[in-house]
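# Close look at the chain arrangement
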Amino acid sequence: MAVRKTSKRLYLIPVLSKALDILELLQSENQPMTLESIHRQTRISKTTVYRVLKTFVHRGYLSQSPDGMYRQVTRPKKMRFGFGGQSADMPFSVEVTESLKDAAAAVGVDLLILDNRYDSATALRNAEEFVSSKVDLVIEFQVEQEVAPMIGDKIAGAKIPLIAIDIPHPHATYFGVDNYRVGIEAGETLGAHATTSWEGKVDWVIGLDLAEAGQLVQSRITGAFEGVRSGHPELPVEVFVRIDGRGMRDRSKKLISDFLQRHPKDRHILIAAATDSSALGAVDAVREQKREKHVAIVGQDCIAEAMQEMRKDKSPLIGSVSHEASSYGPSLIHLGLSLLRGQTVPPYNYVAHKMVTRESLSVVRV
């Protein structure tokens, strides 16, 4: 009986084999090489060689000199970023954290994630832990402007690059939305609602502010007031009222509930909220007092719960400005790596944003 021969399958990844060939060549030569010489000696296509080399440089296995020569980096070091998240209880902060985790994993950057718990003392302790852990770069997302100089000083003292999300910090590169511009768009949406639904009548324009975050974030409300004025220039300054909701749902609910109780006969109230959490608190107050017809609310961040609320029939939440949280991670990682490579980056780096309304959600659903 003939013995049947079986061939052993090799589970190989061709492009990975080529990448290792390139790396091993640079190891054996132990001197700088050009892309052309690597291409000639390995006989791998020039396009593949180029992409492999760029990937190794990006991951820290190779360095590239200004004249285009490639050299192996001895004992390549994996980058480690520290991220201080605003709060695990804040939906937008959670979305940013998840986006950052995915982006870091995609490029091989380790993340040390600490929760600032929406608390200045915790944020300061976390900054000290980043310094003691000797991370390569810190990404800070905390809301208290008063503690920002202390955090910035500690991290700068350790000569660690710092990126600050949404709240400017001394010694930091800013990353986040253009706060005044997103406010303008929120206000324009509110003004348009008053024109189309209330025949242009407006009794009050309330800004649910976030005072502790400082003037830059407060400019969301400044912008919103200007956005309303652009469509209703006749409104007197007395109808514009700022209330400090601290970006929190329960506090905002109480403040708006108190306001509505003090003004039971007013029928045309516009509310611009600094965050969707504040906006949802306002919705809770309005619904509890059955004043849905009398109030229109626009938030910021476009968190999932806000979008669900907007889809409800006759909801007072008519819109939210999306800060595109899913884009934060890739952009932050790219910005961090650019800083570590010594590249020149702008002091202010704005993310894209877009207004989302019940009507635009309906179009997407269809």
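Residues numbered from 1 in each chain as written. Predicted model: local features only at pLDDT ≥ 70, side-chain atom pairs only at ≥ 80, totals over all residues. Heavy atoms only, no water.

### Details of the packing of aromatic side chains
Two measures describe an aromatic ring pair: the distance that separates the ring centres and the angle between the ring planes. The test is simple: Paired rings are identified among Phe, Tyr and Trp, the last through its six-membered ring, by centres lying within 6.5 Å, and are further divided according to the angle between planes into stacked (under 30 degrees), edge-to-face (over 60) and tilted (the rest). Secondary structure elements follow DSSP: runs of H or I no shorter than four residues count as helices, runs of E no shorter than two count as strands, and numbering proceeds from the N terminus. A 1.4 Å probe rolled over the protein chains alone gives each residue an accessible area, and that area as a share of the maximum for its type sets the label: buried under 20%, exposed over 50%, partly exposed in between. Should the NZ of a Lys or the CZ of an Arg lie within 6 Å of a ring centre and within 35 degrees of the ring normal, that charge is described as sitting over the ring.
Applying the stated criterion across every chain yields a total of nine aromatic pairs. Pairing Phe92 with Tyr328 gives two aromatic rings, centres 5.6 Å apart and planes at 90°, and the pair type is edge-to-face. One end of the pair, Phe92, is in helix α4 (residues 91-107); the other, Tyr328, is in helix α12 (residues 328-340), with 236 residues separating them in the sequence. The exposure class assigned to Phe92 is buried, which follows from its relative accessible area of 5%. According to the relative accessible area criterion, Tyr328 is buried, its value standing at 0%. Centroid distance Tyr174 to Tyr350: 6.1 Å. Interplanar angle 65°. Geometry classified as edge-to-face. With Tyr174 in strand β7 (residues 173-176) and Tyr350 in strand β13 (residues 348-350), the pair connects residues that are 176 residues apart, well separated along the chain. Taken together, the ring pairs in this structure connect Phe92, Phe141, Phe175 and Tyr328 into an aromatic cluster. Lying across the ring of Phe240, Arg229 places its NZ or CZ 4.1 Å from the centre.

### With respect to the sheet that holds strand β4 (residues 110-115)
Spelled out, the test is: At least two bridges found by DSSP between two strands is the condition for calling them paired. Under this scheme, a helix contributes an axis fitted over its contacting stretch, all axes are lines through C-alpha atoms, and angles between N-to-C directions fall in the 0 to 180 degree range.
Read across the sheet, six strands follow the order β4-β3-β5-β6-β7-β13 without closing on themselves; strand pairing throughout is parallel. Taken across any chain shown, the strands that pair with only one partner, and hence form the sheet edges, are β4 and β13. Averaged over all adjacent pairs, the angle separating strand axes in this sheet is 20°, with direction ignored. The pairing of strand β3 (residues 80-85) with strand β5 (residues 137-140) spans four bridges and is classified as parallel. Bridge pairing in β5 links Gly82 to Val138.

### Looking at the layout of surface pockets
Going by this rule: Grid spacing is 1 Å over the protein atoms alone, the probe is 1.4 Å, and a cavity is where that probe fits but cannot get out, while a pocket is an open set with protein on both sides within 12 Å along at least five of seven lines and lining residues have an atom within 4 Å of a point. Grid points are joined across faces, edges and corners, and a volume is the space filled by probe spheres set on the points. Asp, Glu, Lys and Arg are counted as charged, while Ala, Val, Leu, Ile, Met, Phe, Trp, Tyr, Cys and Pro are counted as nonpolar; the rest, among them Gly, fall into the polar class.
Its volume calculated, the second largest pocket comes out at about 300 Å³. Residue lining of the second largest pocket: 15 residues in total, with His193, Ser197, Ser315, Ile318 and Arg358 positioned closest to the centre. Counting only elements with at least two residues in the lining of the second largest pocket, the list comes to α7 (179-197) and α13 (358-365). When residues of the lining of the second largest pocket are assigned to their parent elements, the largest contribution, four residues, is made by α7. Among the residues making up the lining of the second largest pocket, the classes are represented as four nonpolar, six polar and five charged.

### Focus: the sheet that holds strand β11 (residues 295-301)
Spelled out, the test is: Residue contacts follow a heavy-atom distance rule, with two residues in contact if any of their heavy atoms lie within 4.5 Å.
Pairing is mixed across the open sheet formed by six strands, whose spatial order is β9-β8-β10-β11-β12-β14. If you trace the sheet from one side to the other, it starts and ends with β9 (240-244) and β14 (354-357), each paired once. Shown here is a sheet whose adjacent strand axes are inclined to one another by a mean of 20°, direction ignored. Inspection of the sheet shows strand β8 (residues 204-209) paired to strand β10 (residues 269-273) by five bridges, in the parallel sense. When the sheet's bridge partners are listed, Leu208 is paired in β10 with Ala273. Lying over the sheet, α7 contacts β10, β11, β12 (317-322) and β14, oriented at roughly 160° with respect to β11.

### So, the domain arrangement of the protein
Selection criterion: For every domain, the bounds stem from an assignment made automatically or drawn from a database.
You can read the domains of the protein as domain 1 (15-72), domain 2 (80-176 + 326-351) and domain 3 (179-322). Computed from C-alpha atoms alone, the centre-to-centre distance between domain 1 and domain 2 is 32 Å.

### Regarding the side chain of Thr275
Here is the rule: Any N or O atom pair separated by 3.5 Å or less is treated as a polar contact, with the protein-specific requirement of one donor-capable and one acceptor-capable atom, and with residues adjacent in sequence counted only for side-chain atom pairs.
You can see Thr275 is positioned in the loop between β10 and α10 (276-288). Of the residues examined, Thr275 reaches a relative accessible area of 9% and is grouped as buried. At 3.1 Å, the side chain of Thr275 forms a polar contact with the backbone nitrogen of Ser278. When sequence neighbours within four positions are dropped, the list of residues in contact with Thr275 reads Leu210, Arg220, Gly247, Gly299, Gln300 and Asp301.

### Observations concerning the environment of His58
Within the secondary structure, His58 sits in helix α3 (residues 46-59). Here the alpha-carbon distance between His58 and Leu337, two residues 279 residues apart in the chain, equals 8.6 Å. Within the structure, His58 has its side chain in polar contact with the side chain of Arg341 (distance 2.7 Å).

### A short note on the packing of helix α1 (residues 14-29) against helix α2 (residues 35-42)
Each pair of packed helices can be described by the angle between their axes along with the distance between the axes. Selection rule: For classification purposes, angles smaller than 35 degrees are called roughly parallel, those larger than 145 roughly antiparallel, those between 65 and 115 roughly perpendicular, and all remaining angles oblique.
Between α1 and α2, whose axes approach to 11 Å, the crossing angle comes to 110°. In this view, α1 runs roughly perpendicular relative to α2, as classed from their interaxial angle. Residues Ile22, Leu25, Leu26 and Glu29 of α1 form the contact with α2, whose participating residues are Ile38, Gln41 and Thr42. Considering only residue class, the contact of α1 with α2 consists of four nonpolar, two polar and one charged.

### Re the nonpolar core
Keep this limit in mind: Nonpolar cores were defined as sets of buried Ala, Val, Leu, Ile, Met, Phe, Trp, Tyr and Cys residues, with membership established by side-chain atoms within 4.5 Å.
Ranked by internal contacts, the top residues of the largest apolar core, which has 75 residues, are Ile139, Ile256, Leu270, Ile271, Ile297 and Tyr328. Counting residues per element, this core draws most heavily on α10, which supplies six residues. Each of domain 2 (80-176 + 326-351) and domain 3 (179-322) accounts for three or more of the residues forming this core. If we ignore the near neighbours within four places in the chain, the residues touching Ile297 are Leu190, Ile271, Ala279, Ala282, Val283, Val286, Pro316, Leu317, Ile318 and Gly319. Counting 15 residues, the second-largest nonpolar core is a separate cluster that includes Ala19, Leu25, Leu26 and Tyr70.

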